[in-house]
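Residues per chain are reported as follows:
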Amino acid sequence: MEARERIFKYQGLGNDFVVLDRRGTGVDIGAATSRWMCDRRLGIGGDGVLALLPSERGVARMVVHNADGSIAEMCGNGLRCAVKFLVDDSGQTPGHIDVETGAGVLTCYPSYGEGGVVAVDISMGPARLVAPNLPSGATGQPFLDAEVPGHPPLRASAVSMGNPHLVLLDQPLEDASRLGPLLEHHPSFPDRTNVEFVRVDPDGLTVVVWERGCGLTQACGTGACASAVAAVLAKRLPADAWLRVTLPGGDLRIRVPADLSDIRLRGPVAFVFEGVVAVPSGR
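By convention here, each chain's residues receive numbers from 1 onward along its written sequence. Reporting in this predicted model follows two pLDDT cut-offs: at least 70 for local features of residues, and 80 or more for side-chain atom pairs to be given and counted; totals over whole chains, interfaces and linings ignore these cut-offs and use all residues. To get the side-chain values, take all heavy atoms of the structure and skip hydrogens and water.

Caption draft 1: Representation of the pairing of strand E8 (residues 116-123). A large share of E8 lies buried, amounting to six of its eight residues. Think of it this way: DSSP has to see at least two bridges between two strands before they count as a pair. Only DSSP runs of H or I reaching four residues or more are called helices, and only runs of E reaching two or more are called strands; each is numbered from the N terminus. Looking at chain direction, strand E7 (residues 104-113) and E8 are connected through seven bridges and run antiparallel. The residue of E8 that forms the bridge with Cys108 is Ile122. Hairpin connection, E7 to E8: the antiparallel pair is bridged by two residues, and Gly115 has positive phi, about 95°. Sheet topology places E8 next to strand E17 (residues 264-268); five bridges connect them, and they run antiparallel. Considered in E17, the bridge of Ala119 is made with Pro268. Exposure is judged per residue with a 1.4 Å probe applied to protein chains only, and the accessible area is read against the type maximum: over 50% gives exposed, under 20% gives buried, and values in between give partly exposed.

See below:
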């Protein structure tokens, strides 16, 4: 028998998500359901599903389900979508809210306009150069040589924003569709990795992201943060300044402190639609 599910669709710079409010039941979804919901022909369509569950440490706990059914530790664009839903649903206008994620409890600062929350500034926590989801040989040095069969070694940075990233400064953006899927499955990353192809501009960065479990996306918040971290570590851009990061879907602003202690992300968010779907049996 088909189950009826109330769903909400949001997007941040074209990075689109299905939001499920399951704070009442506390029951998460499975991989098959997230794959179906993200299917743009057979389901709803989206880069991921955000399941909002009860939390004793924040307004809610956000679980990020990728389009392939895997679970991501964090998602900056997704978190902005979750914040807009939570705040607009509450009917209040708080100055900040805390949301529990796989990368810890993150403090989010909504900005208001017509239609409720229009943008969110997120305290993303620290960037890490040594972490369990990064190459085991990482010693805190920002650069490593990433090897791809049939391709010369690629100079890259491994950065964890709770989820793993491999950042390639000065790598042609058009290489993302070709090298992205190979590097996502690089054997040095135990949980696979997101991959950023970055052009350093005089006033910021232009970035294309191959997102783990999704492929090419219009935007990636944690990818924008990791790219800015790599550029600051390489002394290509200044620390402690709001940096422009342009993705296919638009611009984010990222601030990287010199000690990498609390990366800040600022960007827009929008509600798309809400409805009720019939989830196929067995999902």
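Caption draft 2: Broad picture of the state of the cysteines. Disulfides are defined in this document as cysteine sulfur pairs within 2.5 Å. All chains considered together, the criterion is met by zero disulfides. No disulfide involves Cys81; its sulfur sits 7.7 Å from the nearest other cysteine sulfur, which is in Cys75. Left unpaired, Cys225 is separated from the closest cysteine sulfur, that of Cys220, by 8.6 Å. The exposure class of Cys225 is buried, given its relative accessible area of 0%.

Caption draft 3: Focus on the packing of aromatic side chains. When the centres of two rings from Phe, Tyr and Trp lie within 6.5 Å, Trp using its six-membered ring, the rings pair. Their planes under 30 degrees apart give stacked, over 60 give edge-to-face, and anything left gives tilted. A full pass over the atoms with the stated rule returns three aromatic pairs. Ring geometry for Phe8 against Phe85: centres 4.8 Å apart, planes inclined by 55°, an arrangement best described as tilted. Of the two residues, Phe8 is situated in strand E1 (residues 3-12) and Phe85 in helix H2 (residues 76-90); the sequence distance between them amounts to 77 residues. An angle of 85° between the planes, with centres 6.3 Å apart, marks the rings of Tyr10 and Phe85 as edge-to-face. Remark: Phe85 occurs in helix H2 and Tyr10 occurs in strand E1; sequence separation between them is 75 residues.

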